[in-house]
Amino acid sequence: MAKMSLMKKLGIAGGSMFVLSMLMWFGFPKLLVSMIKSQVNLKPGTDVRALWSKIPFAIDFRVYLYNVTNPDEVKAGAKPIVRQVGPYYFEEWHEKDNLIDRDEDDSVEYAIKNTFHFKAEKSEGLTGEEELTLPHVFILAMVMTVLRDKPTAMPVINKAVNSIFKNPENVFVKVKAMDLMFRGLMVDCTVSDFAGGAVCGMLKENPEGLIVYDEEHFGFALLGAKNGTAAKQRMRVLRGRKNLMDIGRVIEFDGKKNISKWDDDRCDAFNGTDSYVFHPFLYENEDVVSFAPDLCRSLGAYFQKKTKLAGLNTNRYTAYLGDPSSDESLKCNCEAADKCLKAGMMDLHKCLGVPLVASHPHFYMADESYLATVDGLSPKQEDHEIFLDFEPFTGTPMFAKKRLQFNIPITKVDKFKIMKNFPDAMLPLFWVEEGVLLPDELIAQVKMIHTMLTVVAVMKWLMLLAGLGMGGGAGFLYYKATQGSDKLEITKVPKDNGKPGSTEKKISPLNVNTLQARVPPVLD
């Protein structure tokens, strides 16, 4: 009876363990996906929405300027020689301004607002007050734009520059680093001549990108106009509540359903997210694509290699601007199909309205012909490539460095006195690096999810093995019990030995006559 009781207990326990292991095996993944769907979306109230709306930690932002060491020689036609100065280190705080949710299409609209704080202690001895020789980007951009779009107006621009900037002797000027980056280079519009008044009239009508000091004075800075100010162009993205894989996907920018810059449906299409959030289950068979407003383009990063960060397995992706001269899919980003830049360059004139060219820092991965036009650059993969390390299960960007350089092509301009002997060159202006390493507390949350997955994986195997073991034990006990009940009980018969009281029957000797008598008569 005790064996039967133990057998039943083992059987019930083993069966229960087996069923629970199967539930964990097949049910837990579905439960986990359901939990992720309920939390990983941009609907108000979720943790992801809170992190996305206002990133609770600063992004590392570094600026590197190119000091021109031979400005007078360049004016006379020599190759530019540059020396990198930096990094100027800033803390960059990102937030979304004036969010508007739309439940009808599961989207949210916002304006980007970035704020920069200079950190001298992380700038390797630089204060921002260093006096550098740099091109006056406003003058140079204005001249090169007119030369490209309306060269017949060059005499007017020549007069306007002389009027507004008081007859400069060179395009290269001595300026403090912080003036160029944030405080601004003065544009004095207290002029009365026709040429200067025409240029200033356009600035007063559309001062976007300039720092407005008063009605007659403006400042040109690389980053100053954007600092702490919400962008006028608004972004609209999907929240991912209806479809988890659509989280953060851009569907509208500046009130338009496409980029509307390239006169090509494919190039003008929005692809990817706003670069702040990505869907989970992001594995190496899928590129990481995001829309970059500063480039008017969606840029894809492709899988490079497996990496490891803080004990977590991650995937590294890298991005490349491509070769518009040979890649048919990039020709729509060119000035014209037959006027494409070479490898590693992107013409931003149609995007920004000024003749700037984007590249990787130090012309990394660019055609060697560009590197030959300027001295002082030294491209290196470890210092100049774009990369992102993603944790694939949650789609969390763990570590990333986005690096981009801005350049301007220079050439001889016959009708602009201070550039009439200029060389042909791709002149680097500055480059920036945005870097982020996820804080420990957020890494701990990602680790917790993986710890839970590991515990469940171990538990389901232990419960499966325990269930099978207990079931096997119950089966063995059942087998032993059934074998015992089927055995024959043989009773030993005692010998009589002729003793009185013996119950043993005495077997008579075989009698042939008796056997014969029993033979049927038919056989006789």
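It should be emphasised that the depicted structure is a prediction, and the values quoted were computed from it without experimental measurement.

Reading the values: the criteria
- Residues numbered from 1 in each chain as written.
- Predicted model: local features only at pLDDT ≥ 70, side-chain atom pairs only at ≥ 80, totals over all residues.
- Heavy atoms only, no water.
- Pairing = 2+ DSSP bridges.
- Helix = DSSP H or I, 4+ residues; strand = E, 2+ residues; numbered from the N terminus.
- Axes fitted to C-alpha atoms, helices over the stretch in contact; angles between N-to-C directions.
- Parallel < 35°, antiparallel > 145°, perpendicular 65-115°, else oblique.
- Left-handed = near helix turned anticlockwise from the far one by under 90°.
- Contact = heavy atoms within 4.5 Å.
- Disulfide = S-S within 2.5 Å.
- Buried < 20%, exposed > 50% of the residue type's maximum accessible area, 1.4 Å probe, protein only.
- Polar contact = N/O pair within 3.5 Å; in protein donor to acceptor, adjacent residues only side chain to side chain.
- Core = buried A, V, L, I, M, F, W, Y, C linked by side-chain atoms within 4.5 Å.
- Nonpolar A, V, L, I, M, F, W, Y, C, P; charged D, E, K, R; others polar.
- Salt bridge = Lys/Arg side-chain N within 4 Å of Asp/Glu carboxyl O.
- Expected span 1.5 Å × (residues − 1).
- Phe/Tyr/Trp six-rings, centres within 6.5 Å; stacked < 30°, edge-to-face > 60°.
- Lys NZ or Arg CZ within 6 Å of the ring centre and 35° of its normal.

Enquirer: Would you mind going over the sheet that holds strand 7 (residues 211-212) with me for this structure?
Expert: Backbone-to-backbone hydrogen bonds join strands into a sheet, with any given pair of strands oriented parallel or antiparallel. Read from one edge of the open sheet, three strands run 6-8-7, paired in antiparallel fashion. Taken across any chain shown, the strands that pair with only one partner, and hence form the sheet edges, are strand 6 (185-188) and strand 7.

Enquirer: What should I look at first to understand the packing of helix 4 (residues 137-149) against helix 5 (residues 154-164) in this one?
Expert: A packed helix pair is summarised by two numbers, namely the angle formed by the two axes and the spacing between the axes. Where helix 4 contacts helix 5, the axes come no closer than 10 Å and their chain directions differ by 165°. It follows that helix 4 is roughly antiparallel to helix 5 by the angle criterion. Where helix 4 crosses over helix 5, the handedness of that crossing is right-handed. Across the interface between the two elements, I139, M142, V143, V146 and L147 from helix 4 touch M154, I157 and V161 from helix 5.

Enquirer: Is there a simple way to explain the state of the cysteines in this structure?
Expert: The tally for this structure, following the rule as stated, stands at four disulfides. Shown here is the disulfide that connects C267 with C332, its sulfur atoms set 1.7 Å apart. In this structure the cystine formed by C267 and C332 twists about its S-S bond by roughly 45°; its chirality is therefore right-handed. Here C267, found in helix 8 (residues 265-268), pairs with C332, found in the loop between strand 13 (312-319) and strand 14 (345-347); they are 65 residues apart in sequence, far enough to count as distant. The pair formed by C267 and C332 is uniform in burial state, with each residue classed as buried. The side chain of C296 participates in a disulfide bridge whose partner is C351; the two sulfur atoms lie 2.0 Å from each other. Sign of the S-S torsion, about 75° for the bond between C296 and C351, identifies this disulfide as right-handed. Of this pair, C296 sits in the loop between strand 11 (288-292) and strand 12 (297-309) while C351 sits in helix 9 (residues 349-352), and the two are 55 residues apart along the sequence. The buried category is assigned to C296, whose relative accessible area is 7%.

Enquirer: In this structure, what is going on with the side chain of N67? I would like to understand it.
Expert: Position of N67 among the secondary structure elements: in strand 1 (residues 59-68). N67 gets classed as buried once you look at its relative accessible area, which sits at 9%. For N67, the side chain forms a polar contact with the main-chain nitrogen of T133, separated by 2.6 Å. Apart from the residues within four sequence positions on either side, N67 is in contact with I81, V82, R83, V85, L132, T133 and L134.

Enquirer: Help me understand the nonpolar core, please; the structure alone is not making it clear to me.
Expert: Across soluble globular proteins, nonpolar side chains show a tendency to be buried alongside one another. Core analysis: the biggest nonpolar cluster contains 126 residues, and L65, Y88, F416 and M419 have the highest contact counts within it. In terms of residue count, helix 4 provides more of this core than any other element does, nine residues in total. Beyond its immediate chain neighbours, meaning those up to four positions away, L65 contacts R83, Q84, V85, Y88, L132, L134, A177, L180, M181, L222, L429 and F430.

Enquirer: Looking at this structure, I do not really get helix 5. What am I missing?
Expert: Because an α-helix packs 3.6 residues into every turn, residues spaced three or four apart end up facing the same way. Within the sequence span of helix 5, burial applies to M154, I157, N158, A160, V161, S163 and I164. Against the buried residues of helix 5 lie helix 4, strand 6 and helix 7 (194-205). Following helix 5 by one or two positions, K166 has its phi on the positive side, about 60°.

Enquirer: I tried to follow the packing of helix 5 against helix 7 on my own but got confused; where do I start?
Expert: Their axes nearest at 7 Å, the elements helix 5 and helix 7 cross at an angle of 85°. Put simply, helix 5 runs roughly perpendicular to helix 7. Where helix 5 approaches helix 7, its residues V156, I157, K159, A160, S163 and I164 are matched on the opposing element by A195, G196, V199 and C200. Along the lines of polarity and charge, the residues of the contact of helix 5 with helix 7 split into seven nonpolar, two polar and one charged.

Enquirer: Would you mind going over the pattern of salt bridges with me for this structure?
Expert: Opposite charge on two side chains permits pairing when their charged atoms draw close. Applying the stated criterion across every chain, the model contains 25 salt bridges. Note that R239 and D103 form a salt bridge whose closest N and O atoms lie 2.8 Å from each other. On the criterion of sequence distance, the pair formed by R239 in the loop between strand 9 (229-238) and strand 10 (250-253) and D103 in the loop between strand 2 (82-102) and strand 3 (107-118) is long-range, its members being 136 residues apart. You can call R239 buried: its relative accessible area is 3%. For D103, a relative accessible area of 55% puts it in the exposed group.

Enquirer: How do you make sense of helix 4 when you look at a structure like this?
Expert: Taking 1.5 Å of rise per residue, 13 residues should cover 18 Å, and helix 4 covers 18 Å from first to last C-alpha, within 8% of that figure. Across the 13 residues of helix 4, 10 count as buried, placing the element largely inside the fold. If you check which residues of helix 4 are buried, you get V137, F138, I139, L140, A141, M142, V143, M144, T145 and V146.

Enquirer: Could you clarify how one ought to interpret the packing of aromatic side chains in this entry?
Expert: The geometry of an aromatic ring pair is captured by the separation of the ring centres together with the interplanar angle, meaning the angle of the planes. All told, the structure shown has 19 aromatic pairs when counted by the stated rule. With a centroid separation of 6.0 Å and an interplanar angle of 55°, the aromatic rings of F138 and F165 are classed as tilted. Of this pair, F138 sits in helix 4 while F165 sits in the loop between helix 5 and strand 5 (172-176), and the two are 27 residues apart along the sequence. Accessibility classification places F138 together with F165 in one group, the buried group. Ring pairing ties together the aromatic residues F61, F90, F116, F118 and F182, which thus form one cluster. Just above the ring of Y110 sits the side chain of K96; from NZ or CZ to the centre is 5.5 Å. One residue, R316, lies across the ring of F387, its end atom 4.1 Å from the ring centre.

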